[in-house]
Amino acid sequence: MQMNAPANINKPVEFTLPIKDYNEFYRFYLTEHRSIASRRLHVAGSSIGLYFWSKAIRQRKAKYLAYGLLSGYACAWVGHFFFEHNKPASFKQPLYSFISDWRMLSDVVRGRLSLIDRKFDKIDS
């Protein structure tokens, strides 16, 4: 993958599950998150989740950990069912999917993935 060139948004990619290599899984994960609305919901859910997890640590109350997971997954699943029209990757490979949620958030924050238009992505999605 080239990091500075615009991403090829029209290239179809085929994957066979389960995927053993994490980097290959992340490529699959990005193909499951092409809708900008879905990406926005994922970022919102992860951000709300971070808020509740930090609150759980500050207040030492486990219920906020549950709130964080619930809000994160609720936002993500709405994105998949209503915008992507696919099943969440967490149904297929939960650990890699959970890690990829945070990696995608990191890629958005660092400007590698766009929440405006996929043509601004700097990595293949």
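Here the structure is a predicted model, which is why all the values come from computation and not from measurement.

(A) Expanded view of the packing of helix 1 (residues 22–31) against helix 5 (residues 94–109). It is the contact of helix 1 with helix 5, at a shortest axis distance of 10 Å, that shows an interaxial angle of 70 degrees. By the angle between their directions, the pair helix 1 and helix 5 is classed as roughly perpendicular. Considering the relative orientation of helix 1 and helix 5, their crossing is right-handed. Counting all contacts with helix 1, which are made through Tyr22, Asn23, Phe25, Tyr26, Tyr29 and Leu30, the residues of helix 5 involved are Tyr96, Ser97, Ile99, Ser100, Asp101, Arg103, Met104 and Asp107. Within the contact of helix 1 with helix 5, the residues separate by chemical class into eight nonpolar, three polar and three charged.

(B) A look at a nonpolar patch on the surface. Taken together, the side chains of Trp77, Val78, Phe81, Phe82, Phe83 and Phe91 define a hydrophobic patch exposed on the protein surface, amounting to about 610 Å² of accessible area. With respect to the secondary-structure elements, Phe83 resides in helix 3 (residues 63–84).

(C) Representation of the packing of aromatic side chains. On inspection of all chains with the given rule, the structure shows 16 aromatic pairs. For the ring pair Tyr51 and Phe52, a centre distance of 5.2 Å and an interplane angle of 65 degrees mean the geometry is edge-to-face. Of the aromatic side chains, those joined through ring pairs into one cluster are Tyr22, Phe25, Tyr26, Phe28, Tyr29 and Tyr96.

(D) Looking closely at the side chain of His33. Considering the arrangement of structural elements, one finds His33 in the loop between helix 1 and helix 2 (36–59). There is a polar contact of 3.0 Å between the side chain of His33 and the side chain of His42. If we skip the residues at most four places from it in the chain, His33 touches Ser38, Arg39, His42, His80, Glu84 and Met104.

(E) A look at helix 2. When the terminal C-alpha atoms of helix 2 are compared, their 34 Å separation across 24 residues agrees well with the 34 Å that a helix rising 1.5 Å per residue should span. Listed in full, the buried residues belonging to helix 2 are Ile36, Ser38, Arg39, His42, Val43, Gly45, Ser46, Gly49, Phe52, Lys55 and Ala56. Packed against the buried residues of helix 2 are helix 1, helix 3 and helix 5. Its side-chain oxygen placed 3.3 Å from the backbone nitrogen of Ala37, Ser35 serves as the N-cap of helix 2. Looking one or two places after helix 2, you find Arg60, whose phi comes out positive at around 55 degrees.

(F) Just the environment of Leu30, in detail. Within the secondary structure, Leu30 sits in helix 1. Note on Leu30: relative accessible area 1%, which makes it buried. Distance in space between the C-alpha atoms of Leu30 and Leu113 is 9.7 Å, their sequence separation being 83 residues. In contact with Leu30, not counting residues within four places along its chain, are Met104, Leu113, Ile123, Asp124 and Ser125.

(G) Examining helix 1 more closely. By the criterion of burial, helix 1 is predominantly enclosed, with seven of the 10 residues buried. Residues Tyr22, Phe25, Tyr26, Phe28, Tyr29, Leu30 and Thr31 constitute the buried set of helix 1. Buried residues along helix 1 sit in contact with helix 2, helix 4 (89–92) and helix 5.

Parameters at a glance
Residues numbered from 1 in each chain as written. Predicted model: local features only at pLDDT ≥ 70, side-chain atom pairs only at ≥ 80, totals over all residues. Heavy atoms only, no water. Axes fitted to C-alpha atoms, helices over the stretch in contact; angles between N-to-C directions. Helix = DSSP H or I, 4+ residues; strand = E, 2+ residues; numbered from the N terminus. Parallel < 35°, antiparallel > 145°, perpendicular 65-115°, else oblique. Left-handed = near helix turned anticlockwise from the far one by under 90°. Contact = heavy atoms within 4.5 Å. Nonpolar A, V, L, I, M, F, W, Y, C, P; charged D, E, K, R; others polar. Patch = residues over 30% accessible without salt bridge, like charges linked within 9 Å, V, L, I, M, F, W, Y side chains within 5 Å. Areas by Shrake-Rupley, 256 points an atom, 1.4 Å probe, with all protein chains shown as cover. Salt bridge = Lys/Arg side-chain N within 4 Å of Asp/Glu carboxyl O. Phe/Tyr/Trp six-rings, centres within 6.5 Å; stacked < 30°, edge-to-face > 60°. Polar contact = N/O pair within 3.5 Å; in protein donor to acceptor, adjacent residues only side chain to side chain. Expected span 1.5 Å × (residues − 1). Buried < 20%, exposed > 50% of the residue type's maximum accessible area, 1.4 Å probe, protein only.

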